[in-house]
2 protein chains.
Amino acid sequence: MEQDRVRAPNIRDVARLAGVSYQTVSRVLNDSPSIRPATKQRVLDVINEVGYRPNQAARALVTSRSRTIGVLSAQSSHYGPSTSISAIEIAAREAGYRLSITNISSGDYASIKSGLDYLLSQSVEAIIVMAPQVRVFDAIDDLMITVPFLTLESTGRDPRHSLSVDQVAGARLATRHLIDLGHTEILHISGPQDWIEADARMRGYLQELDEADLRTRAPVLGDWTAHFGYYAGLELLRFRDFTAVFCGNDQMALGLLHACREMGVDVPGDMSIVGFDDIPEAAHFFPPLTTVRQNFAEVGRRAISHILSELRGDEPTVHEQLTPELVVRESSGRLA
Amino acid sequence: MEQDRVRAPNIRDVARLAGVSYQTVSRVLNDSPSIRPATKQRVLDVINEVGYRPNQAARALVTSRSRTIGVLSAQSSHYGPSTSISAIEIAAREAGYRLSITNISSGDYASIKSGLDYLLSQSVEAIIVMAPQVRVFDAIDDLMITVPFLTLESTGRDPRHSLSVDQVAGARLATRHLIDLGHTEILHISGPQDWIEADARMRGYLQELDEADLRTRAPVLGDWTAHFGYYAGLELLRFRDFTAVFCGNDQMALGLLHACREMGVDVPGDMSIVGFDDIPEAAHFFPPLTTVRQNFAEVGRRAISHILSELRGDEPTVHEQLTPELVVRESSGRLA
DNA sequence: GCTCAGAATGTGACCGTACACATCCTCGAC
DNA sequence: GTCGAGGATGTGTACGGTCACATTCTGAGC
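S.K.: What exactly am I supposed to notice about the side chain of E125(B) here?
M.R.: All names here are of chain B. Along the chain, E125 turns up in the loop between helix 6 (109-121) and strand 3 (126-129). Taking relative accessible area as the criterion, E125 reaches 12% and is therefore assigned buried. The residues contacting E125, other than those within four sequence positions of it, are R65, S66, R67, T68, Y97, V147, P148 and L311.

Printed below as a string of structure tokens:
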């Protein structure tokens, strides 16, 4: 406490103690070539001794380079986003960049905008947006963003600044799988309407049914949670006018599996269920879940690689969607 | 693109365009009281028009207040940490603070230290550490941290700077529950050795068995994943010399449930299983999992509240552990 | 019409760093 | 011994804000 309000040592303090000029200290910090090893060592010793730490704010101010990439994320506690963020962080670190992650709790325009605003005021050098709401694009337009940016979503809206796993293709894979198994009455429990992914998966489902000339039903609008899957399942299973369900994610599929057990519906004997995401737990559900795997880590890595190339001055290249993969396990089967 | 390399407008640009001094603009930004409404409006108009955004680096430099709280986190993709972070973020935002989240991928000393170093060089005003490795404490000591900090772990090592759910108590609750059900041969599948939580849960398990004068067995050292629980289960179940398992987390319990089904072991008839965390999915496992619930969100909220009071100048108060809660579902039962 | 308090606004300095440039040192070549 | 080249080191300035203080404006009270 007695030393508390004393200000942290700065570059000049270090210089004085080491008997050199502040510029020499600066050189040591940025390991500039022409500096005598003895001098360098002396400076480093002082730095360690006084616990000097360069002030990032000052550095960012003068260089206008923060070495930071901003990430705007919603629901970063979900498996997908958090896996991607993890991969982004690792890739960024390798390139010498840090992440500044901002979560927005609600998807309304104001909070998206204020999140982006905050990142920009941090002088981030690039922005990756993982907020899966459509309004994000409006906010990006409004804010006149000049730094490289990328949204990790698959709308066709701005292909030069988007990167993602092809959700529509994934949904079609899942639906096609059920059709191939002989199902004709296939339900879809989707995610919340305003999520881009939810919408894309729903579109994929509808397209595939349409092409197969099968009856499309209005999807059930869920909220991604296992609880929803469970309660929706209890309700839906009262009328067994369907034999397969494509769930918008694995959690809802889990809840639905639960409901099936309680209602005495055998999976996959009476009911086939397919999820989406392939969370690590899905392989251990009962029964192990057939689902669509998306490589979240790869998305993260590519995002950074695109950002870096833009940072080097390359033109933003066009959207390149990753292909998801169907993982067939035991929750789906041929219609008896 | 044509406007690309032009520098962002600063406070003086705004001042010039609004026909006032830069200080007046600064007053508008910090809504200082004595400013004529007309002037204020004029400045705000210009700000909007040119898309001016205050430079945080400059502001942090001069005020040495970043309005940012640093969070050091490991494995932030896990349910617990990410739930806490979410709560921390919300609470911090309400108090006008932002979060700077840094993930460390490995738990070694160097990366913990560099993570903390980074946060400190960002001039964060406080630090919350969620990295569950013991070495964190050494790093904190070494770095001569002068800002308020808090670790979200339950070691007794620094009670004035720790806050957490009582892991030992939680583990005892789980173990006691199994003992009460008549089990005498109880196994423990723990998390990785170097995780503080894993260690605490193991200690709680051992203590409770010890007090009940039951045989303690060497815990199986896992890695938190469902896969591990599954494969460990397949192995362990070859010798059925136990009737209950306390798992270090819910994921491993899920894997174990899976193994039980495959080996034809009925849960809870032949085998009782208890998890830890109460992830939202646990209620929908088969059977629904008995587990220990910890209120991660509450931990996050309290963390911020402690930090804020320290930031206001209060002395750090002593560690106050939250009590976890046993949630009995259907994976545990009386010994036949 | 003058005075004066208080509101409104402006000026200078500084935060900690990096860059551009100036200066000093060292040493080999003549 | 002098010179110059290039390595090593030092000095001024700018980055974009805020703070302390100075100055100007405004309107009420006499």
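S.K.: Would you mind going over the pattern of salt bridges with me for this structure?
M.R.: Any two side chains of opposite charge can pair if their charged atoms end up close together. All names here are of chain A. This structure, assessed with the given rule, holds 36 salt bridges over all chains. A salt bridge links D277 to R201; the shortest N-O distance between them is 3.6 Å. Pair noted here: D277 is in the loop between strand 8 (272-274) and strand 9 (291-293) and R201 is in helix 9 (residues 196-211), with a separation of 76 residues, a long-range link. As far as burial versus exposure is concerned, D277 and R201 are alike and both buried. Linking R238 and E235 is a salt bridge whose minimum nitrogen-to-oxygen distance equals 2.5 Å. Owing to a relative accessible area of 52%, R238 belongs among the exposed residues under this scheme. You can call E235 partly exposed: its relative accessible area is 44%. Here the salt bridges do not stand alone but share partners, grouping R172, R176, D180, E208 and E211 into one network.

S.K.: Looking at this structure, I do not really get the interface of chain B and chain A. What am I missing?
M.R.: Size of an interface: often given as the accessible area lost when the parts come together. Listed per partner, the contact involves 49 residues of chain B and 49 residues of chain A. Taking both sides of the interface into account, the surface hidden between chain B and chain A amounts to around 4200 Å²; carbon and sulfur atoms contribute 53%. When the buried surface of chain B facing chain A is broken down by residue, R53(B), R98(B) and H284(B) rank first, second and third, together holding 18% of it. At the boundary of chain B and chain A, one finds two salt bridges.

S.K.: Before we go on, may I ask you to explain the protein's contact with DNA strand C in this structure?
M.R.: DNA strand C sits among 30 residues. The nearest are I11(A), Y52(A), S21(B), R27(B) and T39(B). At 2.5 Å, a backbone N or O of I11(A) approaches a phosphate oxygen of DNA strand C. Here a phosphate oxygen of DNA strand C and a backbone polar atom of R36(B) are 3.1 Å apart. Mapped by element, the contributors of at least two residues to the surface near DNA strand C are helix 1 (11-18), helix 2 (22-29) and helix 4 (56-63) of chain A together with helix 2 (22-29) and helix 4 (56-63) of chain B.

S.K.: Please clarify how the sheet that holds strand 2 (residues 98-104) of chain B should be interpreted in this entry.
M.R.: Adjacent strands of a sheet form backbone hydrogen bonds with each other and so pair up, either parallel or antiparallel. Residues and elements named next belong to chain B. In space, the four strands of this open sheet follow the order 2-1-3-4, with parallel pairing throughout. Each edge of the sheet is formed by a strand with only one pairing partner; in this case those strands are strand 2 and strand 4 (149-151). On average, each strand axis in the sheet is inclined to that of its neighbour by 15°, with strand direction left out of account. Inspection of the sheet shows strand 3 paired to strand 4 by three bridges, in the parallel sense. Counted as the bridge partner of I127 is F149 from strand 4. Strands strand 1 (68-74), strand 2 and strand 3 of the sheet are contacted by helix 5 (residues 79-94), whose axis makes an angle of about 160° with strand 2. Its contacts with the sheet place helix 7 (residues 135-142) against strand 3 and strand 4, and it is angled at close to 165° to strand 4.

S.K.: Please clarify how the nonpolar core should be interpreted in this entry.
M.R.: Most often, soluble globular proteins have nonpolar side chains that are buried together. Ranked by internal contacts, the top residues of the largest apolar core, which has 52 residues, are M271(A), I273(A), M271(B) and I273(B). Secondary structure elements with two or more residues in this core: strand 5 (186-190), helix 10 (226-236), strand 7 (244-247) and helix 11 (250-262) of chain A together with strand 5 (186-190), helix 10 (226-236), strand 7 (244-247) and helix 11 (250-262) of chain B. Filtering out sequence-adjacent residues up to four positions away, I273(A) remains in contact with V245(A), C247(A), A253(A), L256(A), L257(A), C260(A), V267(A), L289(A), T290(A), S331(A) and S332(A).

S.K.: Is there a simple way to think about the relation of the copies chain B and chain A in this case?
M.R.: Superposing the two chain copies requires a rotation about an axis and a translation along that axis. For the pair chain B and chain A, the superposition axis carries a translation of 0.0 Å, the fit reaches an RMSD of 0.0 Å, and the rotation angle comes to 180°. A rotation of that kind, with that shift, is consistent with a two-fold axis. No C-alpha of chain B approaches the rotation axis more nearly than that of A57(B), which lies at 2.2 Å. Interface residue correspondence from chain B to chain A reaches 98%, placing this contact among same-surface, isologous pairings.

S.K.: Before we go on, may I ask you to explain the packing of helix 1 (residues 11-18) of chain B against helix 3 (residues 37-50) of chain B in this structure?
M.R.: When two helices pack together, their arrangement is given by the angle between the helix axes and the distance between those axes. Residues and elements named next belong to chain B. At a minimum axis separation of 9 Å, helix 1 and helix 3 run at an interaxial angle of 120°. One finds that helix 1 runs oblique with respect to helix 3. Where helix 1 crosses over helix 3, the two elements pack in a sense that is right-handed. Residue-level inspection shows V14, L17 and A18 of helix 1 in contact with helix 3, the latter providing R42, V43, V46, I47 and V50. Across the contact of helix 1 with helix 3, the residue classes break down as seven nonpolar, no polar and one charged.

S.K.: For this particular structure, what's the right way to read the environment of I104(A)?
M.R.: With respect to the secondary-structure elements, I104(A) resides in strand 2 (residues 98-104). Since its relative accessible area comes to 4%, I104(A) is described here as buried. In this structure the C-alpha to C-alpha distance between I104(A) and Y231(A), which are 127 residues apart in sequence, comes to 28 Å. Excluding anything up to four places from it in sequence, I104(A) contacts L72(A), S73(A), A74(A), Q75(A), S111(A), I112(A), G115(A), A131(A) and R93(B).

S.K.: So what exactly am I meant to see when it comes to unusual backbone geometry here?
M.R.: Both trends apply: most residues other than glycine have a negative phi, and most peptide bonds are in trans. All names here are of chain A. Note that the residue after V267, namely P268, is joined by a cis bond; omega there is 10°. With respect to the secondary-structure elements, P268 resides in the loop between helix 11 and strand 8. Positive phi is not limited to glycine here, since R67 has a value of about 55°. Mapping R67 onto the fold places it in the loop between helix 4 and strand 1 (68-74).

S.K.: Which parts of the structure should I look at to understand the protein's contact with DNA strand D?
M.R.: In the vicinity of DNA strand D there are 29 residues, among which S21(A), T24(A), R27(A), T39(A) and S26(B) approach most closely. Here DNA strand D approaches the protein such that, of its atoms within 4 Å, sugar and phosphate make up 53%. A distance of 2.5 Å separates a base oxygen of DNA strand D from a polar atom in the side chain of R27(A). The backbone of I11(B) places a nitrogen or oxygen atom 2.7 Å from a phosphate oxygen of DNA strand D.

S.K.: Looking at this structure, I do not really get the pairing of strand 7 of chain B. What am I missing?
M.R.: Walk down a regular strand and you will see the side chains alternate between the two sheet faces. Residue and element names in this part refer to chain B. Residues A244 and F246 point to one face of strand 7 and V245 and C247 to the other, with burial holding for every one of them. As defined by bridge partners, strand 5 adjoins strand 7 across four bridges and the pair is classed as parallel. For I186, the partnering residue across the bridge sits in strand 7 and is A244. Read from strand 7 through helix 11 to strand 8 (residues 272-274), the crossover connection turns out right-handed.

Cut-offs applied
- Residues numbered from 1 in each chain as written.
- Chains lettered and ligands numbered in written order.
- Predicted model: local features only at pLDDT ≥ 70, side-chain atom pairs only at ≥ 80, totals over all residues.
- Heavy atoms only, no water.
- Helix = DSSP H or I, 4+ residues; strand = E, 2+ residues; numbered from the N terminus.
- Buried < 20%, exposed > 50% of the residue type's maximum accessible area, 1.4 Å probe, protein only.
- Contact = heavy atoms within 4.5 Å.
- Salt bridge = Lys/Arg side-chain N within 4 Å of Asp/Glu carboxyl O.
- Buried area = accessible area lost by both parts, 1.4 Å probe.
- Near = heavy atom within 4 Å.
- Polar contact = N/O pair within 3.5 Å; in protein donor to acceptor, adjacent residues only side chain to side chain.
- Pairing = 2+ DSSP bridges.
- Axes fitted to C-alpha atoms, helices over the stretch in contact; angles between N-to-C directions.
- Core = buried A, V, L, I, M, F, W, Y, C linked by side-chain atoms within 4.5 Å.
- Least-squares fit on C-alpha atoms with pLDDT ≥ 70 in both.
- Parallel < 35°, antiparallel > 145°, perpendicular 65-115°, else oblique.
- Left-handed = near helix turned anticlockwise from the far one by under 90°.
- Nonpolar A, V, L, I, M, F, W, Y, C, P; charged D, E, K, R; others polar.
- Right-handed = clockwise from strand over helix to strand, strands pointing away.

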